[in-house]
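Chain by chain, the residues:
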Amino acid sequence: MKKLILILTVLSIGITSCKKQTSSTSTTEDKEVNRCESIDATYATVEPIFKANCVKCHTLPRAADGIDLNSYETTSNLANSGKLACVLKGESCKAMPPMGKLSDQDLLNMICWIKGGAPK
Ligand code: HEC
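Below you will find a few notes about this structure. Bear in mind the structure is a predicted one, so any value in this text is a computation, not a measurement.

## Focus: the nonpolar core
Among the nonpolar cores identified, the biggest contains 15 residues, and Ala-79, Leu-84, Met-110, Trp-113 and Ile-114 are the most heavily contacted of them. Residue assignment for this core shows that the elements contributing at least two residues are helix H3 (43-53), helix H4 (72-80), helix H5 (83-89) and helix H6 (104-115). The greatest single-element share of this core, amounting to five residues, is contributed by H6. Other than its neighbours up to four places away in sequence, Ile-114 contacts Ala-79, Leu-84 and Ala-85.

See the structure below:
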């Protein structure tokens, strides 16, 4: 029993010290914010990305899930609701586009546009 307690103590110290290490280094989120400082993303930056990767399924009158990604209004609303970042990251939402992936550069432009409040 004593041995077990000792092992558990050592384990938990190990785990907490690991956590401290990761939180002192910058997170992906920080890196994105830093990289966005040099990117002035407006709708003109991201519109071609939507057109090339999303609009074939997401345009009226038969938009997938009722989501129209062919206009600034609907797209910026989606961005400001957090939903767009969620599908682009594909972690807690259904990943979009469903097949294939955006290039790193397109993804970064999208994320920076969202973080900047989806300006026109
Ligand atoms: C091949 C067709 C297709 C493409 C391309 C596509 N989507 Fe979708 N999308 C769908 C379908 C179908 C759904 C409905 C969700 C489902 O799969 O059940 C959907 C759902 C969504 C949703 C709602 C998800 C939710 O959880 O509410 C969002 C937001 C979205 N798509 C954004 C995008 C974006 C942004 C792109 C481009 C980067 C994209 N989609 C590309 C077919 C597509």
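## Some words on the site of the ligand
Around the ligand lies a shell of 18 residues, among which Cys-54, Cys-57, Ala-64, Asp-65 and Met-96 are the nearest. Counting residues per element, the shell around the ligand draws most heavily on H5, which supplies three residues. For the shell around the ligand, the residue count by class is twelve nonpolar, two polar and four charged.

## Things to note about H6
Relative to the 16 Å expected for twelve residues at 1.5 Å per residue, H6 spans 16 Å between its end C-alpha atoms, a close match to the ideal helical length. If you check which residues of H6 are buried, you get Asn-109, Met-110, Ile-111, Cys-112, Trp-113 and Ile-114.

## With respect to unusual backbone geometry
Residues other than glycine predominantly adopt negative phi, and peptide bonds predominantly adopt the trans conformation. Note that the residue after Leu-60, namely Pro-61, is joined by a cis bond; omega there is 5 degrees. Along the chain, the position of Pro-61 falls in the loop between H3 and H4. Geometrically, the link from Met-96 to Pro-97 is a cis peptide bond, its omega value of -5 degrees lying close to zero. By secondary structure assignment, the location of Pro-97 is in the loop between H5 and H6. A positive phi angle, close to 65 degrees, is found at Asp-65, a residue other than glycine. Structurally, Asp-65 can be placed in the loop between H3 and H4. Judged by the 9 C-beta atoms lying within 10 Å of it, Asp-65 is exposed. In this structure, Ala-118 takes a positive phi of about 55 degrees despite not being glycine. On the secondary structure map, Ala-118 appears in the segment after H6. With 20 C-beta atoms packed within 10 Å, Ala-118 lands in the buried category.

Conventions used here
- Residues numbered from 1 in each chain as written.
- Predicted model: local features only at pLDDT ≥ 70, side-chain atom pairs only at ≥ 80, totals over all residues.
- Core = buried A, V, L, I, M, F, W, Y, C linked by C-beta atoms within 7 Å.
- Buried ≥ 20, exposed ≤ 12 C-beta atoms within 10 Å, placed from the backbone.
- Helix = DSSP H or I, 4+ residues; strand = E, 2+ residues; numbered from the N terminus.
- Contact = placed C-beta atoms within 7 Å.
- Near = placed C-beta within 6 Å.
- Nonpolar A, V, L, I, M, F, W, Y, C, P; charged D, E, K, R; others polar.
- Expected span 1.5 Å × (residues − 1).

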